[in-house]
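Examination of the molecular architecture
Residue strings, one per chain:
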Amino acid sequence: MADALKVGIAGLGTVGASLVRIIRERAEELAVTCGRAIEIGALSARDRSRDRGVDLSDITWFGSAEAMATEADIDVFVELIGGAEGAADQAVRAALERGLHVVTANKALLAKHGVELAALAEEKGVLLNFEAAVAGGIPVIKALRESLTGNKVSRVYGIMNGTCNYILTRMEKEGLSFQDCLREAQRLGYAEADPTFDIEGNDTAHKLAILTTLAFGTQIAADEIYLEGISNISIQDIEAAADLGYRIKLLGVAQKTESGIEQRVHPTMVPRDTVIAQVDGVTNAVAIESDILGELLMVGPGAGGDATASAVLGDIADIAKSRPGEQRVPVLGTPAKALAPYVKARMRSHEGGYFIRLTVADRTGVFASVASRMAENNISLESIVQRASPQPQAAAGSKTIILVTHATTEESVRNAVTAIKGESYLVGEPQVIRIERPKAF
Ligand code: NAP
Ligand code: HSE
């Protein structure tokens, strides 16, 4: 049997502690499957005295992740710290510079520095694996980077944040408050260190930026993503969506259009009878539409210690099975130096259906005026209904008008909403939610 593969693990929180436990519990099986033992050669975190639920006293400890990357007797540096800058960034660069393979679950780091890091790994002839960075345990990186080779991807989209899907599901099914659901997601280890990254959509945007590069062979462009989180979604929206036959999910969508690539993250209404609408709780789903294969949909655990550690372990096993110096596939699917420039499609040109909820004064002619504003902007309506406003805080005598449009442009909807905002009958802010229709499932 070949020499053991020695891994150094930096970060022993939710994911790191699970990984250490699993590597120890599955040592015999891993040695057989990988053809060599996988040994933990070094560890690093901030607080050595903290109880990690496993005995770590026999493993070399480094107080600094960067020191571990430069000095430890290891073959693979596993980064499970998090964050786009600081300790994680410095340690990963140090490890690659030294010629170590790197495995990371850090989407923030890759979204910001992924191209540079991929170029460095390619120059040094080492592997940089990051399956856990997108959609937790779902092997979507491998699917895009390897299995779909030769396909032309037209759209990739999905539910990529377990925290948001968990919150939306529990709000809908149990009527719990947003804050209660978020606290529970944090307790279960799903949320980022700063949970605003989850609920404001940044985490999904980081993941989407990585998928866009793998799908379309373009430079990572995380700053070019249209972004809306879920903090503005109310129980009223969730109920209205249900009445109309939809459910609300936070989707990340990257789509090839005639004018460039559209990247957007926003709450989205999906038809209730589609598979993606049934994906509940911390589960993630990623759909890829391509010309040879057609539509592929992968559903699985998107966050949590064990699910994420499973993907990290798969990456380590790939390294254990590779030959020295072997780079079977480029880090980002396309060699870093050959990635094409990212050409952004204008969000205003986005085409699709829209849900619009308005709270309005209960006056004669309001309904007709709203319909006119839509018509003036060439928006064709699938449905328009008026209801007594259920909001206790709404002005007395107000009504709710809910519109669902046929496919139209973002530009038209924004113009119509701006026109309605100028009307004296409007109470509060209009709510606009985009509708997305899966092709096959
Ligand atoms: P976590 O529970 O917050 O753990 C972070 C770990 O990093 C802790 O052990 C912490 O040390 C250590 N750390 C923080 N700053 C450090 C520094 N300056 N130097 C050395 N160590 C430092 O985070 P996590 O949830 O496991 O997430 C880790 C990574 O996986 C992140 O990139 C995250 O985005 C990604 N990820 C997480 C999940 C998930 O479900 N949690 C899923 C997919 C991807 P102490 O313990 O001593 O404080
Ligand atoms: N905070 C992330 C989520 C962890 O909730 O999906 C997985 O990347």
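Note that the structure is a prediction, hence the values are computed from the model and not measured.

Remarks on the overall build of the protein
For the protein, the helix and strand inventory stands at 14 helices and 17 strands. Along the first, second and third principal axes, the C-alpha set of the protein runs to 80 × 45 × 35 Å. Of all 441 residues assigned to the protein, the portion counted as buried reaches 56%. Taking all contacts inside the protein whose residues are at least 6 apart in sequence as the whole, residues at least 24 apart take part in 75%. Working note: accessible area of the protein is about 18200 Å², and carbon and sulfur atoms make up 49% of it. The average position of the 45 basic charges and that of the 57 acidic charges among the side chains of the protein differ by 2 Å.

Remarks on the site of ligand 1
The environment of ligand 1 is formed by 23 residues, the closest being Leu-12, Asp-47, Arg-50, Arg-52 and Gly-304. Contact between ligand 1 and Leu-12: an oxygen atom at 2.8 Å from a main-chain N or O atom of the residue. Separating an oxygen atom of ligand 1 from a backbone N or O atom of Thr-14 is a distance of 2.9 Å. Coverage of ligand 1 by the protein amounts to 85% of the 910 Å² it exposes when considered alone. Residue composition of the shell around ligand 1, grouped by class: nine nonpolar, eight polar and six charged.

Some remarks on the pattern of salt bridges
Evaluated as defined, the whole model comprises 39 salt bridges. Measuring nitrogen to oxygen at the nearest pair gives 2.8 Å for the salt bridge that ties Lys-142 to Asp-318. Within this pair, whereas Lys-142 is found in helix α6 (residues 140-147), its partner Asp-318 is found in helix α12 (residues 305-321), the two being separated by 176 residues in sequence. For Arg-357, the salt bridge identified is with Asp-237, shortest N-O distance 2.7 Å. Taken together, the residues span a long stretch of sequence, with Arg-357 in strand β13 (residues 351-361) and Asp-237 in helix α11 (residues 235-243) at a distance of 120 residues. Each of the two residues, Arg-357 as well as Asp-237, counts as buried. Ionic contacts of the salt-bridge type, sharing partners, join the residues Arg-155, Glu-262, Arg-264, Glu-289, Glu-436 and Lys-439 into one network.

Focus: the site of ligand 2
Near ligand 2 there are 13 residues, and of these Lys-107, Gly-162, Thr-163, Tyr-190 and Glu-192 occur at the shortest range. A distance of 2.6 Å separates an oxygen atom of ligand 2 from a polar side-chain atom of Thr-163. Within the side chain of Glu-192, a nitrogen or oxygen atom sits 2.7 Å from a nitrogen atom of ligand 2. Expressed as a share of its isolated accessible area of 260 Å², the protein-covered part of ligand 2 is 93%. For the shell around ligand 2, the secondary-structure elements that each account for two or more residues are α7 (162-174) and α10 (202-216). Its residues placed into classes, the shell around ligand 2 shows four nonpolar, four polar and five charged.

A few points about the packing of aromatic side chains
The description of two aromatic rings rests on the distance between their centres and on the angle between their planes. Counting across every chain of the model gives one aromatic pair. Measuring from ring centre to ring centre gives 5.7 Å for Tyr-166 and Tyr-190, while their planes differ by 70°; the resulting arrangement is edge-to-face. With Tyr-166 in helix α7 and Tyr-190 in the loop between α8 (178-187) and α9 (196-199), this pair connects stretches of sequence that are 24 residues apart. This pair shows no difference in class: Tyr-166 is buried, exactly as Tyr-190 is.

Observations regarding α6
Among the eight residues in α6, six count as buried, and that is most of the element. Listing the buried residues of α6 in full gives Val-140, Ile-141, Ala-143, Leu-144, Arg-145 and Glu-146.

With respect to the side chain of His-266
Summarising the element assignment, His-266 is placed in strand β10 (residues 260-271). Taking relative accessible area as the criterion, His-266 reaches 0% and is therefore assigned buried. At 3.0 Å, the side chain of His-266 forms a polar contact with the side chain of Arg-264.

Overview of the domain arrangement of the protein
What the domain assignment reports for the protein is domain 1 (5-134 + 305-336), domain 2 (141-301) and domain 3 (354-435). Broken down residue by residue, the surface that domain 1 buries against domain 2 is led by Lys-107, Ala-111 and Val-134, which jointly contribute 32%. One can count four salt bridges joining domain 1 with domain 2. With a closest N to O distance of 3.2 Å, Arg-328 and Glu-146 form a salt bridge. Applying the counting rule to domain 1 against domain 2 returns eight residue pairs in polar contact (both at pLDDT 80 or more). Going through the elements one at a time, α5 (107-124), β6 (128-129) and α12 are the ones with two or more residues in the side of domain 1 that touches domain 2. Residues that form the side of domain 1 that touches domain 2 fall into these classes: 13 nonpolar, five polar and four charged.

Observations regarding helix α4 (residues 87-98)
Given a rise of 1.5 Å per residue, twelve residues ought to cover 16 Å, and the 16 Å separating the end C-alpha atoms of α4 matches this to within 8%. Every buried residue belonging to α4 is among Ala-88, Asp-89, Ala-91, Val-92, Ala-94, Ala-95 and Leu-96, and all of these are buried. Residues of α4 that are buried in the fold lie against α3 (65-71), β4 (76-79), β5 (101-104) and α5.

Conventions adopted
- Residues numbered from 1 in each chain as written.
- Chains lettered and ligands numbered in written order.
- Predicted model: local features only at pLDDT ≥ 70, side-chain atom pairs only at ≥ 80, totals over all residues.
- Heavy atoms only, no water.
- Helix = DSSP H or I, 4+ residues; strand = E, 2+ residues; numbered from the N terminus.
- Buried < 20%, exposed > 50% of the residue type's maximum accessible area, 1.4 Å probe, protein only.
- Contact = heavy atoms within 4.5 Å.
- Areas by Shrake-Rupley, 256 points an atom, 1.4 Å probe, with all protein chains shown as cover.
- Lys, Arg positive; Asp, Glu negative; His and termini not counted.
- Charge placed at Lys NZ, Arg CZ, Asp CG, Glu CD.
- Near = heavy atom within 4 Å.
- Polar contact = N/O pair within 3.5 Å; in protein donor to acceptor, adjacent residues only side chain to side chain.
- Nonpolar A, V, L, I, M, F, W, Y, C, P; charged D, E, K, R; others polar.
- Salt bridge = Lys/Arg side-chain N within 4 Å of Asp/Glu carboxyl O.
- Phe/Tyr/Trp six-rings, centres within 6.5 Å; stacked < 30°, edge-to-face > 60°.
- Domains from an automatic or database assignment.
- Buried area = accessible area lost by both parts, 1.4 Å probe.
- Expected span 1.5 Å × (residues − 1).

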